Structures are given as C-alpha cells and as structure tokens.
Amino acid sequence: MTTGHKISLIYSGITIGLVLIVGLVFYFFASNYIRNLYFRYMEEKAHAVAEEKFSKDELDPVKYRNVVLRRKNSIPTSKELFIRVDNRQQARRSLSVYLSAGQIDELYANRTVNFEHGQEVGTAFVYYDNTGTFAVIVLSRNPYGAEVSQTLRWTLLFLVLVSAGVLWLISRLYAMRMLDRIDRDYQIEKMFVNNASHEINNPLTAIQGECEVALLRDYEVSDYKDILRRIEAETNRVIGIMHDLLQFSHVRGNEAVAEGSCPVSQLIREEQLPGLEIDIRQDFTVHGDPRLLQIAFHNLINNAVKYSGGKPVSVTACNHCVSIEDHGIGIPKRDVPHIFEPFYRASNTGAMAGHGVGLSLAKAILDKCQARLHVESDEGRGTRMTIRFRP
C-alpha cells in the first residue's frame, strides 16, 4: 500500500471516528431529553388523574370539567393505580410490584419517582386527600421515544456512511493528489541536485586536471596558452550551467505570475538564427514578463535549430498559438514524457552540447504565464512544439 493510500485511510478513519463520536453523543443527549420530556408529560397526566378522582366533590362543575379535559388531552396511559399508603409497611408489598426499595423510600420522602416497568414507563407520587393518603401510579408505553430513537439511529448510520464516502472521495481526490505532487516534486528536486552536482563536477574536474598538468613541468608559452584556453572553455561551461540553474530556480521558486505583456511577433523576431523561417499570420499580445518569455522562446527555438540537422525550422504564430517545427532527429517516444525534467537529455542527442536545462526552464516560464506547451515528435523526422496562450 502506498503512502498516499495509508494517509488517506488514516485521515478518513480519524474523521469518521470523530463524526461517529459526535453522533453518539448527540444520540445520547437527544434520547435522554426525549425520555425526560415524556416523564414530565407523565407527571402532568398523573396529577390530572389524581385531581379528577379525588377533587370531584371539592371543585365546581366548570373547574372539574377542565380537569377532565386536561386528563383526556394528555398522553394515553395503560394503567392508573391508587394505592393507599396510610399503613406504609402494608403498602410496600403492593408498591414493590412496580418500584424498587430505594424508589419506595423516595416516594415516602414526597418525591416524584420516574421508573421503568417492563416495556412501559411510569411515574408515581404521594397524593394527600381528606379521605387518606394515596400513592398515585400511572403507567404508559412510550412509542414516541422508541420511534424517535430508531429514527436517530438510522440517521446516524446514514450520516456515518455518507461521511465515509465523501471523506474517502475527498482524500482520494485531494490528499492523495497533494501527496503525489509532493512526491513528484521531491523526486524532481532529488534528480535536480544529483544532476546539477554531476554537471558542475565534470568541468571542475577538467579544470583541476588542466591545472595539475600545467604544474607538472615547465612548458612553452604556446602550451600554457592551450591549457588556459581549455580552462577558459570549462570555466565558461560552469558559468553557463550556474546561469541556467539560477534562472530555473528563480522561475520555479517565484509563485506569483509575472506581470507585463508584449506582442508575440516581438518575441519571435528577436531570434535571428540561420535556417529559421518566421510566419506571423496573426499577431497577438501575450501576458507575462517579457524578459522571461524571451528566454522561453529563445530556448525552444534554439533547441529546434540545434537538433534540426541544418534543415529549416519554421515558427508560425496564429490564433493565440505559436508553433515551432523542425525536421531534425526528433525525440524517441520513451523520452517525450521526460524532456521537461531538469538535466534530462534524450537518448539520441549523442555528443551534442547542452545541459538539459533549457526546455525545463522554458516549460516553467510558460506555466507561470498560464500557457500550455504540447509536444509532437517522430524520431528521425522532426518535432513540433505548440504553445497555446490564454486569450
């Protein structure tokens, strides 16, 4: 399993776990609230039942009628009990059918007791009447609580499943994409450093060798001049590599899109190379830093001329598109996906001079200017590079 998959699964698992915990906490408090609310309705029903039974002879007809209506409009009950508790010891046996010993003690302490009896819930309290003291017990089924709890459970399950699916997609689309990009950038940077070290090390080694040869013995002036020319050539090579590296690093490190604009014809006509055929069918303005764009066009056109084998290279501009086509050695198919990687050189370039930075620098500049670079190549027949600029 790749690192991206592992992180994706861990992220999804943690988030789904948090959603599940929050859902369970919500379910607990919601169920508890519904249960307590039902008990409050039960208490109201119990008091209404007690008033209706024991206060008939004490209330006028209108008030008694209101008590009856209040009892009828409250929640339905399955059983209503009135147990005389003047003799507490004797009453305990009857109360123990519904209440525990602790609940009976609470009842005798004049507290309202809410309890569960089988599949029913009930409430009990002590009612004092002029005919005696009674324990009023009301039992009822709680269909609302069961229905609401079941609805909450299914809703919670649905939310967890939907969250799992959405989080998996998000992690798949974004987390893994980000990790893949980080891994790709890391590999590019690793290759960049390794290749840069190799490219710089070669001319430095050559310079060191020439210096050692010069110090071995005394030479003629002409020999020293030859040695210095070779040292100069290798020094210029190092300077060229460092210049390309600095430009590439600057372009890649600058996240902001360069501002400015200039006609595309100006960028193309700056290149005066042998065998270059320029056809500006429709001039248009390109947006970006003209200096960087000039570097990109120079690298692409110079690369086409270098590998054209002396054959003409055509540059055509039309409809916000620039096409650079040569009929040279072309690029092997296996190399095409890698030609914009720093220091990568196609397998058929042989001993031709180059550092492998020009195309990657051009691609980086065009990306900053929101232009798309597309390559078509056939080994032995030539290459076409098409740059599409945004209107």
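Residues numbered from 1 in each chain as written. Predicted model: local features only at pLDDT ≥ 70, side-chain atom pairs only at ≥ 80, totals over all residues. Heavy atoms only, no water.

Q: Is there a simple way to explain a nonpolar patch on the surface in this structure?
A: Taken together, the side chains of I10, I14, L18, I21, V25, F28 and F29 make up a nonpolar region of the molecular surface, amounting to roughly 740 Å² of accessible area. Looking at where I10 falls in the secondary structure, it is placed in helix α1 (residues 3–54). (Patch = residues over 30% accessible without salt bridge, like charges linked within 9 Å, V, L, I, M, F, W, Y side chains within 5 Å. Areas by Shrake-Rupley, 256 points an atom, 1.4 Å probe, with all protein chains shown as cover. Salt bridge = Lys/Arg side-chain N within 4 Å of Asp/Glu carboxyl O. Helix = DSSP H or I, 4+ residues; strand = E, 2+ residues; numbered from the N terminus.)

Q: Sorry if this is basic, but what is going on with the environment of T155 here?
A: If you trace the backbone, T155 turns up in helix α5 (residues 143–216). Linking T155 and Y27, residues 128 residues apart in sequence, is a C-alpha distance of 9.8 Å. A polar contact of 2.7 Å, which involves the side chain of T155, links it to the backbone oxygen of T151. (Polar contact = N/O pair within 3.5 Å; in protein donor to acceptor, adjacent residues only side chain to side chain.)

Q: How should I be thinking about the environment of I241 in this particular structure?
A: One can find I241 in helix α6 (residues 221–253). We classify I241 as buried; its relative accessible area is 0%. Residues I241 and I200, spaced 41 residues apart in sequence, show a C-alpha to C-alpha distance of 7.2 Å. (Buried < 20%, exposed > 50% of the residue type's maximum accessible area, 1.4 Å probe, protein only.)

Q: Help me out: how do you make sense of the pairing of strand β4 (residues 132–140) in this one?
A: A regular strand places its side chains on the two faces of the sheet in alternate fashion. Counting buried residues along β4, nine of its nine residues qualify, which places the element largely inside the surrounding structure. With burial as the criterion, each face of β4 is covered, one bearing G132, F134, V136, V138 and S140 and the other bearing T133, A135, I137 and L139. Bridge count between strand β1 (residues 79–84) and β4: six bridges; the pairing is antiparallel. Following the sheet pairing, K79 is matched in β4 by L139. (Pairing = 2+ DSSP bridges.)

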